[in-house]
Amino acid sequence: MTACHAQCIRRPLLTRSFIQHHKCQRISHKRAARLCPKAKLDPSEATESLETSTEQNGLMAPEPQSEAEKTALQSFLYPDASELSNSEMPIWDHLDELRERLLIAALAAGGAILTCFCFSKDLVVFLEAPVAEQGVRFLQLSPGEFFFTTFKVAGYAGLLLATPTVLYEVVAWVFPGLTQSEQKQLAPIVFGSSILFYLGLVFAYQILTPAALQFFVQYADGAVESLWSIDQYFEFVLVLLLSTGLSFQVPVIQVLLGNTGIVSSQQMFAQWRYVVVGATIAAAVLTPSTDPFTQTLLAVPLIGLYLGGAACVRLIESQKSAPSQTPS
């Protein structure tokens, strides 16, 4: 993985002026002479006249910007050559490395899923705990329903266990193609993203899921007996856990947007009113219960995560601006 790899994967975009500039430079003497047959000029003179005419017509691209004039987004898309690795590797070697890392990730995921399937009944009892004390009983409504449910539970749990290995293989494949500054920022971002995701799972299991399920149990109390399908219950719980873990990635997205210069911390703080409305709507969608208490349990952490992410972006901006403000 090399600088060539980085340019091929995430910096393939070229501006229109950049393309026009190189098209003008790549016109050969033969083509220039063919374009100007009546002038009977020397090929080199024809090329010079063609470049002069394109400059007069405004077709030539302006001079490339200096490093000081580059925005953060331009620096991200078109980094300086000194920031990239000098080693080179053919494209087939990149594909071979990708195949090997995908194979390792698949083996890790498959092994984790098989291991979790061996303890699938213990996982089922663990996930039934939020409502087991409230008198809810689970039924198998069709032949093999519990068997396929254990497959589903083992699959989700195995993927969660294999996530660190899969993430490592992805990062190891991309890492050589990043710039030096991006390589320094990669470890904190990956570590923070993993911590936030697992915190979201713990929050959903300990607080959000019991509160949401308690609403359904209390609503049906005195009217019907709570006999739930084991498959539908686990589908509800697993989706809620996964969606909560993903929603806790908001600060990571903010830091990435702040580093690329797409959004500043000032803009993030200025949009707090829309964030409150969006977090409330997201909480209403993610939580199946209709009571405002359960929705508030998810909306408040989302708002806090957003404000915390904006504060992290402001801290990063202040650290970047500090060296430029120091006297030389």
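Residues numbered from 1 in each chain as written. Predicted model: local features only at pLDDT ≥ 70, side-chain atom pairs only at ≥ 80, totals over all residues. Heavy atoms only, no water.

Looking at this structure, I do not really get the overall build of the protein. What am I missing?
A count of helices and strands for the protein gives 14 helices and 2 strands. Out of the 328 residues in the protein, the part that is buried amounts to 32%. Contacts in the protein between residues far apart in sequence, at least 24 positions, make up 82% of those at least 6 positions apart. Element-wise, carbon and sulfur atoms account for 65% of the exposed surface of the protein, whose accessible area totals about 20,500 Å². (Helix = DSSP H or I, 4+ residues; strand = E, 2+ residues; numbered from the N terminus. Buried < 20%, exposed > 50% of the residue type's maximum accessible area, 1.4 Å probe, protein only. Contact = heavy atoms within 4.5 Å. Areas by Shrake-Rupley, 256 points an atom, 1.4 Å probe, with all protein chains shown as cover.)

Can you walk me through helix H11 (residues 250–260) in this structure?
In an α-helix, one full turn covers 3.6 residues, which means residues spaced three or four apart are oriented alike. Of all the positions in H11, only Pro251, Val252, Gln254, Val255, Gly258, Asn259 and Thr260 are classed as buried. Of the residues trailing H11, glycine 261 is marked for its positive phi of about 80 degrees.

Can you help me understand the nonpolar core in this one?
One recurring pattern in soluble globular proteins: nonpolar side chains tend to sit buried together. The biggest cluster of nonpolar side chains holds 35 residues, and the ones touching the most others in it are Leu127, Leu208, Tyr233, Phe234, Phe236, Leu241 and Leu298. Mapped by element, the contributors of at least two residues to this core are helix H7 (120–132), helix H9 (180–220), helix H10 (230–247), H11, helix H13 (272–286) and helix H14 (292–325). With 12 residues, the top contributor of residues to this core is H9. Contacts of phenylalanine 234, omitting those with residues within four sequence positions, involve Val124, Leu127, Glu128, Thr149 and Val153. One finds Met268, Val275, Ala310 and Val313 within the second-largest nonpolar core, a separate group that totals 5 residues. (Core = buried A, V, L, I, M, F, W, Y, C linked by side-chain atoms within 4.5 Å.)

It is not clear to me how the packing of aromatic side chains should be interpreted in this structure. Could you clarify?
For any pair of aromatic rings, the description rests on two quantities: the centre-to-centre distance and the angle between the ring planes. Tallied over the entire structure, the rule returns 11 aromatic pairs. Grouped by ring-pair contacts, the aromatic residues Phe117, Phe147, Phe148 and Phe151 constitute a single cluster. (Phe/Tyr/Trp six-rings, centres within 6.5 Å; stacked < 30°, edge-to-face > 60°.)

Mind showing me how you'd approach H7 here?
The end-to-end C-alpha distance of H7 is 17 Å, a good match for the 18 Å that 13 residues give at a rise of 1.5 Å each. Ser120, Val124, Leu127, Glu128, Pro130 and Val131 are the residues of H7 that are buried. On its buried face, H7 is in contact with helix H6 (91–118), strand E1 (137–139), helix H8 (145–174), H9, strand E2 (227–229) and H10. (Expected span 1.5 Å × (residues − 1).)

I tried to follow a nonpolar patch on the surface on my own but got confused; where do I start?
There is a patch of nonpolar side chains on the surface, built from Tyr156, Val239, Leu242 and Leu246 and spanning about 340 Å² of accessible area. Of all the elements, H10 adds the most residues to the nonpolar patch, at 3 residues. Tracing the backbone shows leucine 242 in helix H10. (Patch = residues over 30% accessible without salt bridge, like charges linked within 9 Å, V, L, I, M, F, W, Y side chains within 5 Å. Salt bridge = Lys/Arg side-chain N within 4 Å of Asp/Glu carboxyl O.)

Quick question: what am I supposed to make of the confidence of the model for the protein here?
Low-pLDDT stretches of the model should not have their predicted coordinates read in fine detail. Considering every residue of the protein, the mean pLDDT works out to 75; 70% of them sit at 70 or more. Looking across the protein, the model is least confident in helix H2 (residues 16–25), with a mean pLDDT of 42, and most confident in H6, with 91. Between residues 58–64, whose pLDDT stays under 50, and residues either more than four places distant or in other chains, the model counts 11 contacts. (pLDDT = per-residue confidence, 0-100.)

Sorry if this is basic, but what is going on with the environment of glutamine 214 here?
Tracing the sequence through the fold places glutamine 214 in helix H9. Residue classification places glutamine 214 among the partly exposed positions, given a relative accessible area of 34%. Along the backbone, glutamine 214 and valine 131 are 83 residues apart, and their C-alpha atoms lie at a distance of 7.3 Å.

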